[in-house]
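# Structural characterization, general
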Amino acid sequence: MISKTVMAMLALAFAITSSYGQAKSNTQDTALTAMFRKFKEIKDPKIAVKEVEKKLETSMGKKYQELQNWLAANKKEEDQLLRDYTPTYKHKQGDMNLYPIWEEIPSPIPSLPEASQVNFDAKYKSYESKVEMQQKQLSDMLQQHLGDQRDSKAEIMADARNMANRNAAVQKMGGADALMNMSEAERKAAGEKLKADMIKNPGAYTGTSDPGMQAMMQKMMSDPAYREKFSKMSEKEKQAEMKKFMSPQIAPRNDVAYEASMKERDDAKAAVDLNMLLSKTQGNMQEAAKPYAEGTNLANEYYEGLYSQLRTWYKTQYDALPMEVMGETREKKGLAELDKFSAMMFYLIQKKEAATRTILWTSLKNRTKIAFGEFNDFIGNYPWGQKKGASLVDASYTEPQVANAVNSIYNEMLNLTRDSKSLTKKHKGQQEQFELIMK
């Protein structure tokens with residue numbers, strides 16, 4: 001039977017990789033056997049590790065070089081992205097800026113010996129606490145600012161009702177209260193009547209008073225062929241078509257109403273622009289994660305292939321060991337050397353894997369930083385707390401939405417930190433297991 005020590009080592013070594021599919025490896029059995037022979041010739045374990053590690057460098061195979069080439073190409077592209085990125089806003093003291101705390105995210109420790117000495121509370125817990133404090137301060141600030149708005153239940157209900165009643169269609173159906181009190185059949189009948197009214201008099205629902213434009217909208221709603229023809233026109237053709245219908249007279253402008261409409265338009269545009277920025281940022285962050293996912297898949301395939309090769313090789317060597325009688329028991333002759341060599345090989349490959357995983361983690365951190373750069377510029381001069389008496393059901397009051405987006409970036413900081421800590425803990429465990437077996 002395989003020794004308990006080696007079984008424990010195997011369980012730890014394959015805990016992460018056991019879920020991945022089997023892959024072919026270019027590390028040949030003959031190379032492993034040659035390295036095992038070299039290992040047995042050297043009596044000093046420290047010297048043996050160094051000598052076998054040199055041999056391993058020339059035996060990693062084509063797949064290893066392909067992985068290294070991919071990592072190098074990804075790094076080159078990533079470096080170019082960092083060079084090309086230029087902030088559009090220069091943050092001043094007191095501005096919200098997520099970049100400094102993002103840069104402080106603690107990296108994994110790729111060196112297995114160094115990982116075994118890490119103080120996890122000092123390196124990781126302290127940073128997590130710092131981010132969580134930022135999240136609490138953000139939440140407290142938002143709650144304070146929300147208290148300056150129309151935030152009571154009665155105010156929110158009244159604002160929602162008033163917003164609905166400003167809609168021409170709701171007005172034609174008797175108002176929000178009447179609509180809420182209708183039965184399903186009554187709402188359906190009112191909807192059919194509304195549809196017919198909109199075709200007859202579209203200006204009553206769009207706010208357009210120009211008779212010519214009303215005629216055009218009526219034609220658009222009642223004539224499917226014209227509607228399709230218009231939709232296929234270029235922007236220039238559409239403008240020309242609209243001029244055919246527009247009335248020549250110019251109505252006198254009400255300056256008060258005009259200013260109010262311009263403010264409403266600007267508020268609405270700001271809300272739309274924010275939604276577009278948030279959607280763009282989310283898309284950028286998803287794109288930023290793709291190289292990490294691709295690299296992780298390549299690493300999983302390659303390293304699991306090596307571990308699988310080692311498992312197979314170990315079993316073959318174990319089965320070939322002769323039995324010898326030791327008192328009243330029978331044991332495999334040479335098993336101790338085989339166990340130590342196997343543990344050393346796992347350890348040497350784990351060292352390379354640790355470096356690969358750390359490179360991938362760093363790439364994700366750097367690419368994600370660039371991905372939310374435009375949003376970070378936006379919040380630099382965002383008017384936190386300047387709006388008073390806003391309705392919480394009005395889409396133009398964007399502070400809760402912006403705060404939620406900032407909080408999501410804080411969560412990304414915590415996720416990266418936890419991944420980093422997990423890698424370092426894994427490296428620490430690998431070092432400790434190796435030292436235990438090699439005693």
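These remarks concern the structure in this document. Numbers given to residues run from 1 along each chain, matching the order in which its sequence is written. This being a predicted model, a pLDDT of at least 70 is required before a residue's local features are given, and a value of 80 or more before pairs of side-chain atoms are given or counted; all residues contribute to the totals for chains, interfaces and linings. Hydrogens and waters are ignored; side-chain quantities use all the structure's heavy atoms.

What follows deals with the pattern of salt bridges. The salt bridge criterion pairs a side-chain nitrogen of Lys or Arg with a carboxyl oxygen of Asp or Glu, the two atoms within 4 Å. Tallying each qualifying case throughout the model produces 21 salt bridges. Lys92 is the partner of Asp95 in a salt bridge, and the nearest nitrogen-oxygen pair spans 3.7 Å. Given the relative accessible area of 22%, Asp95 is considered partly exposed. Lys388 serves as the salt-bridge partner of Asp148, at 3.2 Å between the closest nitrogen and oxygen. In this pair, Asp148 is assigned in the loop between helix 7 (120-146) and helix 8 (153-165) and Lys388 in the loop between helix 18 (373-380) and helix 19 (399-437), connecting sequence segments 240 residues apart. Residue classification places Lys388 among the exposed positions, given a relative accessible area of 54%. Linked by salt bridges that have partners in common, Glu128, Glu132, Arg418 and Lys421 make up one network. For the exposure calls, accessible area comes from a 1.4 Å probe over protein chains only, and a residue counts as buried if that area is under 20% of its type's maximum, exposed if over 50%, partly exposed in between. Secondary structure elements follow DSSP: runs of H or I no shorter than four residues count as helices, runs of E no shorter than two count as strands, and numbering proceeds from the N terminus.

Take the buried Ala, Val, Leu, Ile, Met, Phe, Trp, Tyr and Cys residues and link them wherever side-chain atoms come within 4.5 Å; each set so joined is a nonpolar core. In terms of nonpolar packing, the biggest core is built from 39 residues, with Met35, Val52, Tyr303, Leu338, Phe341, Met344 and Met345 touching the most fellow members. Every element with two or more residues in this core is listed here: helix 2 (29-41), helix 3 (45-57), helix 4 (62-84), helix 16 (255-320) and helix 17 (335-371). Counting residues per element, this core draws most heavily on helix 17, at eleven residues. Counting residues in each nonpolar core, the second largest holds 36 residues, with Ile105, Tyr127, Ala390 and Leu423 among its members.

Turning to the pairing of strand 2 (residues 329-332), a few remarks are in order. Where strand 1 (residues 323-326) lies against strand 2, four bridges are found, and the strand directions are antiparallel. Of the residues in strand 2, the one forming a bridge with Val325 is Arg330. Hairpin connection between strand 1 and strand 2: a loop of two residues separates the two successive antiparallel strands, and Gly327 in this loop has a positive phi of roughly 70°. Paired strands, in this sense, are two strands between which DSSP finds at least two bridges.

The next thing to look at is the packing of aromatic side chains. Classification of ring pairs rests on two measures: the distance between centres of Phe, Tyr or Trp rings, Trp counted by its six-membered ring, which must be within 6.5 Å, and the angle between planes, read as stacked under 30 degrees, edge-to-face over 60 and tilted in between. Considering all chains together, one arrives at 17 aromatic pairs under this definition. Pairing Phe39 with Phe341 gives two aromatic rings, centres 5.6 Å apart and planes at 55°, and the pair type is tilted. With a gap of 302 residues between them, Phe39 in helix 2 and Phe341 in helix 17 connect regions that are remote in the sequence. A residue is classified by how much of its surface remains accessible, and Phe341, at 0% relative accessible area, is buried. Grouped by ring-pair contacts, the aromatic residues Phe36, Phe39, Trp313 and Phe341 constitute a single cluster. The rule is short: NZ of Lys or CZ of Arg within 6 Å of the ring centre and within 35 degrees of the ring normal puts a charge over the ring. Here the guanidinium or amino end of Lys425 rests over the ring plane of Phe120, the centre of that ring lying 5.7 Å away.

Glancing now at the packing of helix 4 against helix 17. Here an angle of 0 to 180 degrees is reported between the N-to-C directions of two axes, which are lines fitted to C-alpha atoms, with helices fitted over the stretch in contact. Contact pair helix 4 / helix 17: the axes reach a minimum separation of 10 Å and the direction vectors enclose 25°. Classified by the angle their axes make, helix 4 and helix 17 are roughly parallel. As helix 4 packs across helix 17, the resulting crossing turns out to be left-handed. Each of Tyr64, Leu67, Gln68, Trp70, Leu71, Asn74, Glu77, Glu78, Leu81 and Leu82 in helix 4 lies in contact with helix 17, whose residues at this interface are Lys352, Thr356, Ile359, Leu360, Thr362, Ser363, Asn366, Arg367 and Ile370. Of the residues in the contact of helix 4 with helix 17, the class split is nine nonpolar, six polar and four charged. Throughout, the term roughly parallel applies to angles under 35 degrees, roughly antiparallel to angles over 145, roughly perpendicular to angles from 65 to 115, and oblique to all others. Each crossing gets its hand from how the near helix is turned against the far one by less than a right angle, where anticlockwise is left-handed and clockwise is right-handed. Throughout, a residue-residue contact means that at least one pair of heavy atoms, one from each residue, lies within 4.5 Å. Just so you know the grouping, Ala, Val, Leu, Ile, Met, Phe, Trp, Tyr, Cys and Pro go in nonpolar, Asp, Glu, Lys and Arg go in charged, and all remaining residues, Gly too, go in polar.

Bringing the environment of Glu432 into the picture now. Take Glu432: it is sitting in helix 19. For Glu432, a relative accessible area of 39% gives the class partly exposed. Once the C-alpha coordinates of Glu432 and Pro113 are considered, the two residues, 319 residues apart in sequence, prove to be 8.5 Å apart.

Another aspect to go through is helix 7. The span you would expect from a helix comes to 1.5 Å times its residue count less one. In this model helix 7 runs 38 Å from its N-terminal to its C-terminal C-alpha over 27 residues, within 8% of the 39 Å that 1.5 Å per residue would give. Within the span of helix 7, buried status applies to Phe120, Tyr124, Tyr127, Glu128, Val131, Gln135, Leu138, Leu142, His145 and Leu146. Those residues of helix 7 that are buried lie in contact with helix 5 (99-103) and helix 19. The backbone nitrogen of Asp121 lies 3.2 Å from a side-chain oxygen of the residue at the head of helix 7, namely Asn119. In protein, a polar contact means a hydrogen-donor-capable atom and an acceptor-capable atom, both N or O and within 3.5 Å, with residues adjacent in sequence counting only if both atoms are side-chain atoms; elsewhere, any N or O pair within 3.5 Å suffices.

With respect to the helices and strands, Ala390 occurs in the loop between helix 18 and helix 19. Take Ala390: its relative accessible area is 8%, and that puts it in the buried class. Distance in space between the C-alpha atoms of Ala390 and Asp148 is 8.0 Å, their sequence separation being 242 residues. Beyond its immediate stretch of four places on either side in the chain, Ala390 contacts Gln149, Arg150 and Tyr397.

Helical geometry: 3.6 residues make up each α-helical turn, so side chains three or four residues apart lie on a common side. A rise of 1.5 Å per residue sets the reference length of helix 17, with its 37 residues, at 54 Å; its end C-alpha atoms lie 53 Å apart and thus fit the reference within 8%. When you tally the buried positions in helix 17, you get 30 out of 37 residues, the bulk of the element.

Turning our attention to the side chain of His427. Assignment of secondary structure puts His427 in helix 19. Side-chain polar atoms of His427 contact the backbone oxygen of Ile109, separated by 2.7 Å. In this structure His427 touches Ile109, Pro110, Leu112, Ala115, Ala354 and Thr358, once residues within four positions along its chain are discounted.

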